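# Summary of the model geometry
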Amino acid sequence: MSARFVSVLYALGLVGAASLAACDPEKAPLEEGVEREELGTFTTDTGNAITFDVSPPSDAVSALVYCGPYGYDMLATAESITAPDGGSVYDLENPGATAMRVDTHSDILPMLIPVSPDLGLVSGTYGFKVYFDTESPVSATCTGVYRVQAVEAEPTIDLDFVFVGVDGIAPGLNAAEGESTLAAVVEEVGAAWGNAGLSIGTITYADFDGNVDDYTILDGDTELGTLLRTVSGDRRTVTFFFVQEITNNEGVTILGLAGGPPGLAAVGGTSKSGVVVTTASFASDPSEIARIMAHEGGHFLGLFHTTEKDGSQHDPLSDTPQCTTDTSGDGVFATNECEGTGADNLMFWTGANDGMSADQGWVLARSAATY
């Protein structure tokens, strides 16, 4: 392993350990149009990595590969992904070299091909190498979820809304009244996604049937992941949990979080199986809730920020402008500094506007959750 590669891993917070074992692949049915393949359980080798092959069905339009769970006390990311022809799909040493992106995640690592029309899914066998920041051997189970349904000209997405004790935030944030209370919000979400050609189908409304007090205010990845694990069934939908507030480990309020990106579309019961939204400002600014939902839902379906807050990364799409100007020099690529270079896009890191591109629509249309 090169010194440069080691420095990249440390910059990502990855430090680690160690032997390889696999199970025979097994397939299990999901909802119509989606197939699952159990790729095996693997243990890290002396390079702190696991390696495995993935051969999507010949009619697959997307492959969602994920490994875990491995807990919240370590991170994992893709070290490399190799195409069937031997070319590079992704290389951690040079992550911007191809139209692919893989983030660093705790507990479960999701990886989606494609996340850009410039690097589509092809027939054949892909080679995956996943790196863990562990100081001792760790085992993780890897799975492939393949969308085999053809892409529709006008894709649709179904939504599940789950209210976690937030009726006191604004009257009507509950299953019985949710459809009328959120009508304007749903319209705005639909308008934003409509800019990418995606329309909203069926919406269900439910009150959370677990211990509401445990999740009304979420603090940290573990509580977020535990709530998302309550999503039941491997359904082609996006589940939105409405909670009072999400905070990080420093107590800062977070407006919304998605499992991923990408989330585990069509897979229930994992820490990446849905989206959580803070509703503390619902009474004063429901439009903000709509923007959060559309933005975080975009992450769940496979979209990344067009430009990250610090300008260090951009999405892999060729038709979304990259902001490279930090006029103030404060290390933050603010909306007013990026006008005309991506700030008007829904997936700009602030999520303040609702523009979307054709390439973003192309990615959304291939998610296992859309149809």
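Procedures and definitions
Residues numbered from 1 in each chain as written. Predicted model: local features only at pLDDT ≥ 70, side-chain atom pairs only at ≥ 80, totals over all residues. Heavy atoms only, no water. 1 Å grid on protein atoms, 1.4 Å probe; cavity = no way out; pocket = protein on both sides within 12 Å on 5 of 7 lines; lining within 4 Å. Points joined across faces, edges and corners; volume = space filled by probe spheres on them. Helix = DSSP H or I, 4+ residues; strand = E, 2+ residues; numbered from the N terminus. Buried < 20%, exposed > 50% of the residue type's maximum accessible area, 1.4 Å probe, protein only. Pairing = 2+ DSSP bridges. Phe/Tyr/Trp six-rings, centres within 6.5 Å; stacked < 30°, edge-to-face > 60°. Nonpolar A, V, L, I, M, F, W, Y, C, P; charged D, E, K, R; others polar. Contact = heavy atoms within 4.5 Å. Axes fitted to C-alpha atoms, helices over the stretch in contact; angles between N-to-C directions.

### Remarks on the layout of surface pockets
For the largest pocket, the calculated volume is near 1300 Å³. What lines the largest pocket is a set of 42 residues, among which Gly-256, Leu-257, Gly-260, Pro-261 and His-305 lie closest to the centre. Of all the elements in the fold, those that place two or more residues in the lining of the largest pocket are strand S7 (105-106), helix H4 (221-228), strand S15 (245-247), strand S17 (256-258) and helix H5 (286-300). By residue number, the principal contributor to the lining of the largest pocket is H5, which donates six residues. The calculated volume of the second largest pocket comes to roughly 250 Å³. Every residue lining the second largest pocket is counted, 14 residues in all, and those nearest its centre are Val-162, Thr-230, Val-231, Ser-232 and Thr-239.

### Notes on the pairing of strand S11 (residues 156-163)
Burial analysis of S11 places eight of its eight residues in the buried class, the great majority of the element. Note: S11 against strand S12 (residues 199-207), seven bridges, orientation parallel. By the bridge assignment for S12, Asp-160 is matched with Thr-204. Inspection of the sheet shows S11 paired to strand S14 (residues 238-243) by five bridges, in the parallel sense. Each bridged residue has a counterpart across the sheet, and for Asp-160 the counterpart in S14 is Thr-239.

### A closer look at the packing of aromatic side chains
Throughout the structure, instances matching the rule amount to nine aromatic pairs. Ring geometry for Phe-42 and Phe-52: centres 5.3 Å apart, planes at 20 degrees, overall stacked. Of this pair, Phe-42 sits in strand S2 (residues 34-43) while Phe-52 sits in strand S3 (residues 49-54), and the two are ten residues apart along the sequence. Judged by relative accessible area, Phe-42 falls into the buried class, the value being 4%. Ring centres of Tyr-70 and Phe-132 lie 5.2 Å apart, and the angle between their planes is 90 degrees; this geometry places the pair in the edge-to-face category. In this pair, Tyr-70 is assigned in the loop between strand S4 (62-67) and strand S5 (75-82) and Phe-132 in strand S9 (residues 126-132), connecting sequence segments 62 residues apart. Tyr-70 gets classed as buried once you look at its relative accessible area, which sits at 7%.

### A closer look at empty space enclosed by the protein
As a volume, the largest cavity reaches approximately 60 Å³. If you go around the largest cavity, the residues you meet are Asp-160, Val-231, Ser-232, Gly-233, Arg-235, Thr-237, Val-238, Thr-239, Leu-264, Ala-266, Val-267 and Ser-273. Lining the second largest cavity we find Ser-62, Leu-64, Leu-112, Pro-262, Gly-263, Ala-265, Phe-300, Leu-301, Ser-367 and Ala-368. Tallied by class, the residues present in the lining of the second largest cavity amount to seven nonpolar, three polar and no charged.

### Focus: the environment of Leu-301
On the secondary structure map, Leu-301 appears in the loop between H5 and helix H6 (358-365). Spatially, the C-alpha atom of Leu-301 lies 9.0 Å from that of Ala-365, the residues being 64 residues apart in sequence. Apart from the residues within four sequence positions on either side, Leu-301 is in contact with Leu-112, Ile-157, Leu-198, Val-238, Val-363, Leu-364, Ser-367, Ala-369 and Thr-370.

### Comments concerning the sheet that holds S11
Backbone hydrogen bonds are what pair the strands of a sheet, in a parallel or an antiparallel way. Spatial ordering of the open sheet is given by S12-S11-S14-S18-S17, a layout of five strands whose pairing is mixed. Lying at the two open borders of the sheet, with one neighbouring strand each, are S12 and S17. The sheet shows a mean angle of 20 degrees between the axes of neighbouring strands, taken without regard to direction. Contacts from H4 reach S14, S17 and strand S18 (275-278), with the element oriented near 120 degrees to S18.

### Side note on H6
In terms of residue burial, H6 counts as a mostly covered element, since six of its eight residues are buried. All of the buried residues along H6 are Asp-359, Gln-360, Gly-361, Val-363, Leu-364 and Ala-365. Against strand S10 (139-147) and H5 lie the buried residues of H6.

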